[in-house]
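A look at the structure
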Amino acid sequence: MTRLILASQSPARTKLLAEAGIRHEVLVSDVDEDAVQAKYGVTDAHDTALLLARAKAEAVAALPEAEGALVIGCDSVFEFDGESHGKPYTAEVARQRMLRMSGSQGVLHTGHWLVDCRDTAANVENDEPAEGTGATVGAVSSAEVHFASMSENEIDAYIATGEPLHCAGSFTIDGLGGAFIRKVDGDPHAVVGLSISTLRDLLVHAKVGITELWGADSQ
């Protein structure tokens, strides 16, 4: 049975996979996102999302628990007015961003990176069949998010819930923040943080069909 490990602690990503019927485990990486960005000096939102997704996937793939599994890492970066926005962490930063985003639009980039940790022909003894391909591949799924005009009271009330503080761009589409999103042009799953169709495309490189991961015991 093919194992899929999600290298993310995001409840939204886990919920999305579960609702899509995809059997998976969760194993969180200890990647320092700021250190990774400082090392490579990436400023473009699209490339940053892919870089961080790869760093998370490869960190988890290196763990003993990932042996024999497929690992998918994801990271989201919001591009607004030519700037890259990750998680705001503080109410002040979130408020400044949301005041600017009100009535406007930006692009949410979600990077995906898949690592095949299953045995390959190169490391299987006695001519036993090897399931692994050694694949390590990535892709970015992007979507343009259009925001409704938000009053300062609405912004303050939303920030007070704590929801936007740990979300790329200071908003969610699958939670309270969905009330302030007028429309999405592109894959809505990318805005949640993991594109199921992109995952399907990446699995092809590992010679795995997404239907092989369907199961009632998905988390």
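For clarity, every value in this text was computed on a predicted model and none was experimentally measured.

Structural notes on the packing of aromatic side chains
- Inspection of every chain in the model, using the stated rule, returns 5 aromatic pairs.
- For the ring pair F78 and F147, a centre distance of 5.9 Å and an interplane angle of 85° mean the geometry is edge-to-face. Residue F78 is found in strand 3 (residues 70–80), and its partner F147 is found in strand 6 (residues 136–147); the two are separated by 69 residues along the sequence.
- With a relative accessible area of 0%, F78 lands in the buried category.
- Note on F147: relative accessible area 2%, which makes it buried.
- Consider the rings of F147 and F171, whose centres lie 5.0 Å apart with planes at 80°: the pair is edge-to-face. Of this pair, F147 sits in strand 6 while F171 sits in the loop between helix 5 (152–160) and strand 7 (181–186), and the two are 24 residues apart along the sequence.
- One aromatic cluster is present, built from ring pairs that chain together F78, F80, F147 and F171.

Brief notes about helix 3 (residues 45–61)
- Here helix 3 spans 24 Å end to end across 17 residues, near enough to the 24 Å set by a 1.5 Å rise per residue.
- All buried positions along helix 3 are accounted for by A45, T48, A49, L51, L52, A53, A55, K56, A57, V60 and A61.
- Against strand 1 (4–6), helix 2 (33–40), strand 3, strand 4 (83–85) and strand 5 (105–116) lie the buried residues of helix 3.
- The N-cap residue of helix 3 is D44: its side-chain oxygen and the backbone nitrogen of H46 are 3.0 Å apart.

Quick word on the layout of surface pockets
- Taken as a whole, the largest pocket spans an internal volume of roughly 940 Å³.
- Taken together, the residues that form the lining of the largest pocket break down as 16 nonpolar, 15 polar and 10 charged.

Quick word on the UniProt feature "active site" (unreviewed entry) in the protein
- Taking the numbering used here, the UniProt-annotated feature "active site" (unreviewed entry) corresponds to D75.
- A residue is classified by how much of its surface remains accessible, and D75, at 3% relative accessible area, is buried.
- In contact with D75, other than residues within four places in its own chain, are R13, E33, A49, L52, A53, K56, H109, T110 and G111.
- Among the polar contacts listed, one links the side chain of D75 to the side chain of K56, at a separation of 2.6 Å.

Quick look at unusual backbone geometry
- In the Ramachandran plot, Y89 falls in the positive-phi region, its phi being about 70° despite a non-glycine side chain.
- Among the structural elements, Y89 can be located in the loop between strand 4 and helix 4 (91–101).
- Despite not being glycine, S170 shows a phi value in the positive range, around 75°.
- By secondary structure assignment, the location of S170 is in the loop between helix 5 and strand 7.
- For S170, a relative accessible area of 0% translates into the label buried.

Digging into the pairing of strand 3
- For strand 3, the tally of buried residues reaches 10 of 11 residues, placing the bulk of the element in the interior.
- Sheet topology places strand 1 next to strand 3; 3 bridges connect them, and they run parallel. Paired with L6 across the strands is I72, a residue of strand 3.
- Taken together, the 10 bridges between strand 3 and strand 5 define a ladder with antiparallel strand orientation. Note on strand 5: the bridge partner recorded for G73 is W113.
- Between the end of strand 3 and the start of strand 4, which pair antiparallel, lie 2 residues, with D81 showing a positive phi angle near 55°.

Scoring rules and cut-offs
Residues numbered from 1 in each chain as written. Predicted model: local features only at pLDDT ≥ 70, side-chain atom pairs only at ≥ 80, totals over all residues. Heavy atoms only, no water. Phe/Tyr/Trp six-rings, centres within 6.5 Å; stacked < 30°, edge-to-face > 60°. Helix = DSSP H or I, 4+ residues; strand = E, 2+ residues; numbered from the N terminus. Buried < 20%, exposed > 50% of the residue type's maximum accessible area, 1.4 Å probe, protein only. Expected span 1.5 Å × (residues − 1). Contact = heavy atoms within 4.5 Å. Polar contact = N/O pair within 3.5 Å; in protein donor to acceptor, adjacent residues only side chain to side chain. 1 Å grid on protein atoms, 1.4 Å probe; cavity = no way out; pocket = protein on both sides within 12 Å on 5 of 7 lines; lining within 4 Å. Points joined across faces, edges and corners; volume = space filled by probe spheres on them. Nonpolar A, V, L, I, M, F, W, Y, C, P; charged D, E, K, R; others polar. UniProt positions renumbered as here; feature names shortened; annotations may be inferred. Pairing = 2+ DSSP bridges.

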